[in-house]
Protein chains: 2
Amino acid sequence: MSEMGDTVDPLSLENQVCFALAVASRSVIGLYRPVLEPMGLTHPQYLVMLALWESAPLSVKDLSGLLQLDPATLSPLLKRLEAAGFVERRRVSTDERSLAVTLTDTGRALRAEAEKIPATIVERLGMDVAELQDLHKALTRVIAAATR
Amino acid sequence: MSEMGDTVDPLSLENQVCFALAVASRSVIGLYRPVLEPMGLTHPQYLVMLALWESAPLSVKDLSGLLQLDPATLSPLLKRLEAAGFVERRRVSTDERSLAVTLTDTGRALRAEAEKIPATIVERLGMDVAELQDLHKALTRVIAAATR
DNA sequence: ACGGAGTAGTTAGTACACTAATTGTTAGTG
DNA sequence: CACTAACAATTAGTGTACTAACTACTCCGT
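What comes next is a walk through the structure. Predicted, not measured: the structure shown is a model, and the values here were computed from it.

Note on the copies: chain B fits chain A at an RMSD of 0.1 Å, the axial shift is 0.0 Å, and the rotation between them is 180 degrees. Within this description, the copies of the chain are treated as partners about a two-fold rotation axis. A shared binding surface is used by both copies, with 100% of the interface residues of chain B retained as interface residues in chain A.

Pasting the structure below:
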């Protein structure tokens, strides 16, 4: 008893989860832009700072694992963070291959600024915190499935 | 009666929805890469092709609206699609400002190849279709909230 | 002690993605 | 009709993001 209305085009743009993911990611990051820009950070740089505020020092490899980003992406990003004065890069004396990324005083101080950000974003999104938590759970499952 | 375990750090990396979104988006797009690469497409190019298969011709402005991408991003992308032979770009005679992007025979033929992709990806993800539909709905709500 | 395998980061090259400025075209108003 | 505001697309410039190739260092086994 299938009718016309039941048939779905698997190639239609609006049915693509990958498309929804890409647009949602770009849109939400766009919400951060006006908040981060006055602080002198891009969104990926903000994520690096979050990681460092949580547990500095970290090596490029550590950050790569935490943020799921290629070392080749992080390398120039970290140089820009260093140029901005938020971070220091120093080779580890016990293993000269490894790079210890640490926070400067300025970088540490920036955390106080950043503390307002999550609430600001949630407010601008205007969504229930519960709904966001559900979404976060769903995204975590997708990440697990995709990186398996 | 709040305990230590109840307190959440709003700046911890793992609590960030924006981070989960970014990683999920990159991870899922990464799943498409080995499938699209032999077809000669990147993921954004694939999305443009989806839009065109659905309703060519489209102007840059149309595509910009549909894909939520800046015209400045699409302009070079479309040139690459033209160079690859999938697409043609021609000014509209009734309005010389507008660019009509149409499919070539090769571009149209590519659709048959692409028809296998959604099933392949869902299979590689190994997630329930129902769960993906729920996620899609949640993402649509976020997009609506973020682009309001 | 040393030579090769493996590891950590960087560099090169391609392709998005955004903002701001530019070019060319159309349309609206005095 | 002229002229200006609005519009469509492109270009320039910065910053991700990926793969592949490369450098420098460590570790392991003989």
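This part is about the pairing of strand β1 (residues 87-92) of chain A. Residue and element names in this part refer to chain A. Both β1 and strand β2 (residues 95-103) contribute to a ladder of 6 bridges, which runs antiparallel. Counted as the bridge partner of E88 is T102 from β2. Hairpin connection, β1 to β2: the antiparallel pair is bridged by 2 residues.

Close contacts around DNA strand D come from 26 residues, with T42 and Q45 of chain A together with K61, S75 and K79 of chain B the closest. A breakdown of the atoms of DNA strand D within 4 Å of the protein gives sugar and phosphate a share of 85%. A distance of 3.4 Å separates a phosphate oxygen of DNA strand D from a polar backbone atom of D70 of chain A. One of the side-chain nitrogen or oxygen atoms of S98 of chain B is found 3.4 Å away from a phosphate oxygen of DNA strand D. Looking at the surface near DNA strand D, the elements with two or more residues in it are α2 (43-55), α4 (71-83) and β2 of chain A together with α1 (17-36), α3 (60-67), α4 (71-83), β1 (87-92) and β2 (95-103) of chain B. In terms of residue class, the surface near DNA strand D is built from 8 nonpolar, 6 polar and 12 charged.

Reading guide: rules and limits
Residues numbered from 1 in each chain as written. Chains lettered and ligands numbered in written order. Predicted model: local features only at pLDDT ≥ 70, side-chain atom pairs only at ≥ 80, totals over all residues. Heavy atoms only, no water. Least-squares fit on C-alpha atoms with pLDDT ≥ 70 in both. Contact = heavy atoms within 4.5 Å. Pairing = 2+ DSSP bridges. Helix = DSSP H or I, 4+ residues; strand = E, 2+ residues; numbered from the N terminus. Near = heavy atom within 4 Å. Polar contact = N/O pair within 3.5 Å; in protein donor to acceptor, adjacent residues only side chain to side chain. Nonpolar A, V, L, I, M, F, W, Y, C, P; charged D, E, K, R; others polar.

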